[in-house]
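Survey of secondary and tertiary structure
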Amino acid sequence: MKSTIKNWKASEIAAAVYVFAVVVGLPLVVRNAYYDINVVKYYYYCGASLLLIPILVLKAREGVSAKGFLASLSPGEKALLVFWAVSVLSTLFSKYRFESFWGNEGRFSGLFLMTIYVAAYFVIARCYRPHPALVYAAVAAGCVTFVIGVTDFFKLDIFAFKEIIMEEQYDRFISTVGNINFYTSYAGLIAGAAATVYTLRSGEDKAKNALWFGLMTLSFIGMIVGNSDNAYLSLGVVTAFLPLYLFSTRRAICRYFMMLSSLLLSFALYKLCCIRFEGIVQRPQGVNGIIARWDGFFVLCAVFWAATAALCAAAWKSRKLEEPISNKVRIVWGIMLVGAAAGVIAVLTDANLLGHGERYGALQGFVVFNDDWGTHRGFAWRKALENYGNFPLMQKIFGHGPDTFGIISYFRDLAESTAMYGELFDSAHNEYLQFLVTIGPIGTAAYMLFLALSVRDMLKSQGSPYVAAMAFAVSCYCVQAVVNINQPMSTPIMWTFLAMGIAEYRRGALYKKGEEGAETERKEQNAIGKEN
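Reading the values: the criteria
- Residues numbered from 1 in each chain as written.
- Predicted model: local features only at pLDDT ≥ 70, side-chain atom pairs only at ≥ 80, totals over all residues.
- Heavy atoms only, no water.
- Helix = DSSP H or I, 4+ residues; strand = E, 2+ residues; numbered from the N terminus.
- Rg over C-alpha atoms; globule rule 2.2 N^0.38 Å.
- Contact = heavy atoms within 4.5 Å.
- Areas by Shrake-Rupley, 256 points an atom, 1.4 Å probe, with all protein chains shown as cover.
- Lys, Arg positive; Asp, Glu negative; His and termini not counted.
- Charge placed at Lys NZ, Arg CZ, Asp CG, Glu CD.
- Salt bridge = Lys/Arg side-chain N within 4 Å of Asp/Glu carboxyl O.
- Buried < 20%, exposed > 50% of the residue type's maximum accessible area, 1.4 Å probe, protein only.
- Phe/Tyr/Trp six-rings, centres within 6.5 Å; stacked < 30°, edge-to-face > 60°.
- Axes fitted to C-alpha atoms, helices over the stretch in contact; angles between N-to-C directions.
- Parallel < 35°, antiparallel > 145°, perpendicular 65-115°, else oblique.
- Left-handed = near helix turned anticlockwise from the far one by under 90°.
- Nonpolar A, V, L, I, M, F, W, Y, C, P; charged D, E, K, R; others polar.
- Expected span 1.5 Å × (residues − 1).
- Core = buried A, V, L, I, M, F, W, Y, C linked by side-chain atoms within 4.5 Å.
- Patch = residues over 30% accessible without salt bridge, like charges linked within 9 Å, V, L, I, M, F, W, Y side chains within 5 Å.
- pLDDT = per-residue confidence, 0-100.
- Polar contact = N/O pair within 3.5 Å; in protein donor to acceptor, adjacent residues only side chain to side chain.

What about the overall build of the chain?
Counting secondary structure elements, the chain contains 23 helices and two strands. For a compact globule of 532 residues, the expected C-alpha radius of gyration is about 24 Å, and the chain comes in at 24 Å, within 12% of that figure. Along the longest, intermediate and shortest principal axes, the C-alpha atoms of the chain span 70 × 70 × 50 Å. Counted over contacts in the chain with a minimum sequence separation of 6, partners at least 24 positions apart contribute 77%. A total of about 24100 Å² of accessible surface is found on the chain, and carbon and sulfur atoms cover 65% of it. In the chain, which carries 47 positive and 38 negative side-chain charges, the distance between the mean positions of the two groups comes to 9 Å.

Description of the pattern of salt bridges
Per the counting criterion, the structure on display carries 16 salt bridges. Across the salt bridge formed by Asp413 and Lys383, the nearest N and O atoms sit 3.8 Å from each other. You can see Asp413 sitting in helix α19 (residues 405-421) and its partner Lys383 sitting in helix α17 (residues 373-389), a full 30 residues away along the chain. In this structure Asp413 comes out as buried when scored by relative accessible area, which is 4%. On the accessibility criterion, Lys383 (9% relative accessible area) is buried. Within this structure, Asp371, Arg382, Lys383, Glu386, Asp413 and Glu416 form a network of salt bridges that share partners.

Here's the deal with the packing of aromatic side chains
Aromatic rings considered in pairs are described by the distance between their centres and by the relative angle of their planes. All told, the structure shown has 44 aromatic pairs when counted by the stated rule. Judged by centre distance (5.3 Å) and plane angle (90°), the ring pair of Tyr121 and Phe450 falls under edge-to-face. Of the two residues, Tyr121 sits in helix α7 (residues 111-127) while Phe450 sits in helix α20 (residues 431-460), which places them 329 residues apart along the sequence. A relative accessible area of 2% places Tyr121 in the buried class. Assessed through its relative accessible area of 0%, Phe450 is described here as buried. With a centroid separation of 6.0 Å and an interplanar angle of 90°, the aromatic rings of Tyr256 and Phe257 are classed as edge-to-face.

Some details on the packing of α17 against α20
Helix-helix packing: each pair is described by the crossing angle between the helix axes and the interaxial distance. One can describe the packing of α17 onto α20 by two numbers: an axis separation of 9 Å at closest approach and a directional angle of 15°. Compared by their axis directions, α17 and α20 come out roughly parallel. Judged by the twist between their axes, the crossing of α17 over α20 is left-handed. In this structure, α17 contributes Trp381, Ala384, Leu385 and Tyr388 to the contact, and α20 contributes Leu433, Leu436, Val437 and Pro441. Across the contact of α17 with α20, the residue classes tally to eight nonpolar, no polar and no charged.

Overview of helix α8 (residues 132-153)
End to end, α8 covers 31 Å across 22 residues, agreeing with the expected 32 Å (1.5 Å per residue, within 8%). Among the 22 residues of α8, 17 are classified as buried, and the element is accordingly described as predominantly covered. Looking one or two residues beyond α8, the residue adopting positive phi is Lys155, at roughly 60°.

Some remarks on the nonpolar core
If you look at the biggest cluster of nonpolar residues, it comprises 127 residues, and the most contacted ones within it are Tyr121, Trp212 and Phe497. By residue number, the principal contributor to this core is helix α9 (residues 180-200), which donates 13 residues. Look past the residues within four positions of Phe497 in its chain and what remains in contact with it is Val23, Ala138, Leu189, Ile190, Met470, Ala473 and Val474. Core analysis: the second largest hydrophobic core is formed by 15 residues, Ala384, Tyr421, Ala428 and Val483 among them.

Let's talk about unusual backbone geometry
Despite not being glycine, Thr375 shows a phi value in the positive range, around 55°. You will see that His429, though not glycine, has its phi angle at about 55°, which is positive. Positionally, His429 belongs in the loop between α19 and α20.

Looking at a nonpolar patch on the surface
Residues Leu265, Leu269, Leu272, Ile275, Phe298 and Trp305 make up a contiguous nonpolar surface patch of about 490 Å² in total accessible area. Looking at which element gives the most residues to the nonpolar patch, the answer is helix α12 (residues 250-276), with four residues. Inspection of the secondary structure assignment puts Ile275 in helix α12.

Here we look at the packing of helix α5 (residues 75-93) against α7
Interaxial distance between α5 and α7 falls to 10 Å at its minimum, and their mutual angle equals 160°. With respect to α7, the axis of α5 lies roughly antiparallel. Between α5 and α7 lies a crossing of left-handed hand. Packed against α5, whose contacting residues are Glu77, Leu80, Leu81, Phe83, Trp84, Ser87, Val88 and Thr91, the element α7 presents Leu111, Met114, Thr115, Val118, Tyr121, Phe122 and Arg126 at the interface. Grouping the amino acids of the contact of α5 with α7 by side-chain chemistry returns ten nonpolar, three polar and two charged.

What about the confidence of the model for the chain?
Predicted confidence across the chain gives a mean pLDDT of 92, with 94% of residues reaching 70 or more. Segment residues 527-532: pLDDT under 50, and three contacts once partners within four positions in sequence are set aside and those in other chains are kept.

A look at the side chain of Asn230
With respect to the helices, strands and loops of the structure, Asn230 is situated in the loop between α10 (206-225) and α11 (231-246). A polar atom in the side chain of Asn230 sits 3.0 Å from the side chain of Asn181. Other than its neighbours up to four places away in sequence, Asn230 contacts Asn181, Thr184, Arg377, Gln480, Val483 and Asn484.

Brief notes about the environment of Leu414
Topologically, Leu414 is positioned in helix α19. Considered as a pair, Leu414 and Leu424 are ten residues apart in the sequence and their alpha carbons are 6.1 Å apart. Those residues within four positions of Leu414 in sequence are excluded, and the remaining contacts are Ser409 and Leu424.

Next comes the structure, spelled out in structure tokens:
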């Protein structure tokens, strides 16, 4: 990922400026506190995306053709084009074309914004030149938002964002991001990237390793103070699946245990604050509340830290930190994951199909699915499926129109939702279910395939830790999207991270072809450019 900026092409410099504007500017920009924060984020991202135009012009002048572009499409990128094409058809067939195009009756995630996502992906994937500085900048910007989030946890309101906010909504908004669900979605991206970089870095530069440990720990703290259970889905991705990629040397295993120690340290600090400053800090909710009330948690932390210290000391003493370990370790870990998944399925079956939810005590609210589950997400999901089932055939295929879920809810569910909960659900609080209802099964499947193949490609690149960091960051977003929505705060950063990772994967794949093959490809591209 190292490169000298003075040797960069003009399009590569412009692409780097655009990436910086998105990953640093978007999470920090605020105009009028929380009252118009989603609108401001949306317009900022759209404004920044105007940079895509000069980048394309510069790239075209460097000799790139449409024929060469089409020939370079990966299977995942072809799926992305299918997703976009279906979104276009869904907009054209919708009764609400204006709303489908702009997304103004939802979270601005209409065809217009999705078109920007797709265009930005291809521009970054083809023009961005990977550099560690931009990953540092993205994580550093995230840590700034997390520090502000910690001050909000202590109810300091240092920017007076909450001066006239309603009391019942006081804890629902945080930092410069806004809604706690959007905040934890963004925090998952940053924590996933920081944890991956730390665990995959070599041991040569101790100062940078210490820096990444600090950034990772601050990211974990930022996720926790968000006080949303969505964060635990992202944490689950990192803690459960990173070892399948990571466990290749003794150093890697030590780094993983150091990462878990960092996570437990973050929880311990959170719990201490909840005890010491009770009545001052925000009241812990959900899983945070369970941890805050767990009497034996500090003992668990102490035992784990001692075990980690002993493991790392033994590995260092052996002087075999870089010695490869048997692949059986990953196999055993995979078997453990399968066993854990089977256990979760068994619990959910027992709690829901067999009606034994009460036996799970404090966890009953998490394992029993009903209308109240997930802060009424169960209701939103049930109505989404019922409404989709009542669609005519064309709507079943192409959906109701991008980001028009709120319109469906207003005309079909308003009476029931207000009677039960006193609110209208303008989104499904499940990105994939929302896509099913609004753009149909073909578009939804294409989107999911694009994400899966992109993550696979990034993980195939065995180069720097930064491309793997983008893969796990995107994976964190994808998993928490099961209970969250597509919106103009964390979603643009997810698309940017994904494109950054693919850009590095593409350069790595080109390098592996060998200098001779790369030179041949460049000559062919130049020839095509001259013909056009």
